[in-house]
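Architecture and fold: a report
Here's the letter readout for the chains.
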Amino acid sequence: MGRLKKVGDKMKNEVVNKHDVTFKEVFSQKRIAKDFIENNIPKEALDIIDMESLELQKDTFINKELQENFSDLIYRVKINNKDAYISFLIEHKSYKDKLAIFQLNKYMLESWMTIIQKENKEELPIIIPMLIYHGKEKWNIRTDIRDMIPDFYQLPEYFKERVPVFKYDFFNIGEYKENDFQKLTRLTAMMLKAFKYSFEEDLEVVLENFLLALDEVQKEESLETIIYYGEIYLRYIELTNSDATEEDIKEEIRRLDGKGAVTMSILERRELLGMEKGLQEGMQKGLLEGRQEGMQKRNIEIAKNLLKEGVEIALVVKATGLSKSEVEELKEQLDN
């Protein structure tokens, strides 16, 4: 029985990790976290926060056991123009977990204890726990521990004052409607939609929403930014749709008329990354020269496609890795 439990726990952790890795990659981007926080905490709180001081904390305050449960994303900001600060603990769940409230507060207590013991400080930061969920099941778990105590609010003050406030802000991305996404930047909305549709079994539905989000984000972002985040999005689709191969995804995108310059650049960028991986393996087999030549040809084809779409030379250089003079020469050939 114990062996079966270990196997089950391992499978569960593998599924969770597929989501956590991408979540951490996305929310480690300051602009994404800033946009999400600004649109999800009350104005009275925002009024005293210096959001420009928002900074991701690289060091973890917690032990190894807790690290396995948390994405460990903590952002700090100054409040009231003082060195006092708030830490935003952004956690993520792709499955319903009734122990989430205790995990979050155990994390907070560990952080405070570390500050007192190791940093020898007497003042503690405010920590705002934020839990982002996008699982299949309805989240019917209480987000405030006081609601778990029968008739808590009718108790005498003596009792109420001795019950710690364990509470977290809860966001169910799986239930977000279009108007919920509209208050965010198009880039943040696009990446949150990746999580919203991560359990959708119909690949066509998943990729339709990807292409629609990609079309929207082009109105606000540079080609380089779109290619970067678009590649993360497609990689996540591939991770969460285990039956779909990369070729399946490309064919479905083409079938859905995802043939624009940006979409094709993302697909070609993924091919390049695959070639680079193959290059590293081929180096040990004496295939370096052939691989490099193949990559150069692919870069040239990508550059030609982008130039035909009217993309600026500087952006083509960034997207392909070719030199400015090489891209200018290609443009001259296409113009003649």
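Everything below is about the structure shown above.
Structure report, in brief. (Residues numbered from 1 in each chain as written. Predicted model: local features only at pLDDT ≥ 70, side-chain atom pairs only at ≥ 80, totals over all residues. Heavy atoms only, no water.)

**Re the pairing of strand β4 (residues 126-133)**
Extensive coverage of β4 is indicated by the burial of six of its eight residues. One ladder, built from eight bridges, connects strand β3 (residues 85-93) with β4; its direction is parallel. Note on β4: the bridge partner recorded for Lys 93 is Tyr 133. Traced from β3 through helix α5 (residues 100-117) to β4, the parallel crossover comes out right-handed. Where β4 and strand β5 (residues 169-172) come together, four bridges link them in parallel fashion. Within β5, the residue paired with Leu 131 across the bridge is Phe 170. (Buried < 20%, exposed > 50% of the residue type's maximum accessible area, 1.4 Å probe, protein only. Helix = DSSP H or I, 4+ residues; strand = E, 2+ residues; numbered from the N terminus. Pairing = 2+ DSSP bridges. Right-handed = clockwise from strand over helix to strand, strands pointing away.)

**Thoughts on the side chain of Thr 225**
Relative to the helices and strands, Thr 225 is located in helix α10 (residues 223-240). Discounting chain neighbours no more than four positions away, the residues touching Thr 225 are Arg 31 and Leu 187. (Contact = heavy atoms within 4.5 Å.)

**Describing the pattern of salt bridges**
For the structure on display, the rule yields 15 salt bridges. Where Arg 31 meets Glu 221, a salt bridge forms, and the shortest distance between an N and an O atom there is 2.6 Å. With Arg 31 in helix α2 (residues 30-38) and Glu 221 in the loop between α9 (203-217) and α10, this residue pair connects regions lying 190 residues apart in the sequence. Owing to a relative accessible area of 15%, Glu 221 belongs among the buried residues under this scheme. (Salt bridge = Lys/Arg side-chain N within 4 Å of Asp/Glu carboxyl O.)

**Quick notes on the pairing of β3**
With nine of nine residues buried, β3 lies mostly within the body of the structure. Both faces of β3 are covered, namely the face carrying Tyr 85, Ser 87, Leu 89, Glu 91 and Lys 93 and the face carrying Ile 86, Phe 88, Ile 90 and His 92. Pairing of strand β2 (residues 73-79) with β3 involves six bridges; the strand directions are antiparallel. Counterpart to Val 77 in the pairing with β3 is Ile 86.

**Some details on the sheet that holds β2**
Strand pairs in the sheet, formed through backbone hydrogen bonds, run parallel or antiparallel to each other. Taking strand neighbours across the sheet as the criterion, the five strands line up as β1-β2-β3-β4-β5 in an open arrangement whose pairing is mixed. Sheet topology places β1 (49-56) and β5 at the edges, where each strand pairs with a single neighbour. Here the average twist between neighbouring strands, direction ignored, is 25°. Contacting β1, β2, β3, β4 and β5, α2 runs over the sheet at an angle of about 140° to β1. (Axes fitted to C-alpha atoms, helices over the stretch in contact; angles between N-to-C directions.)

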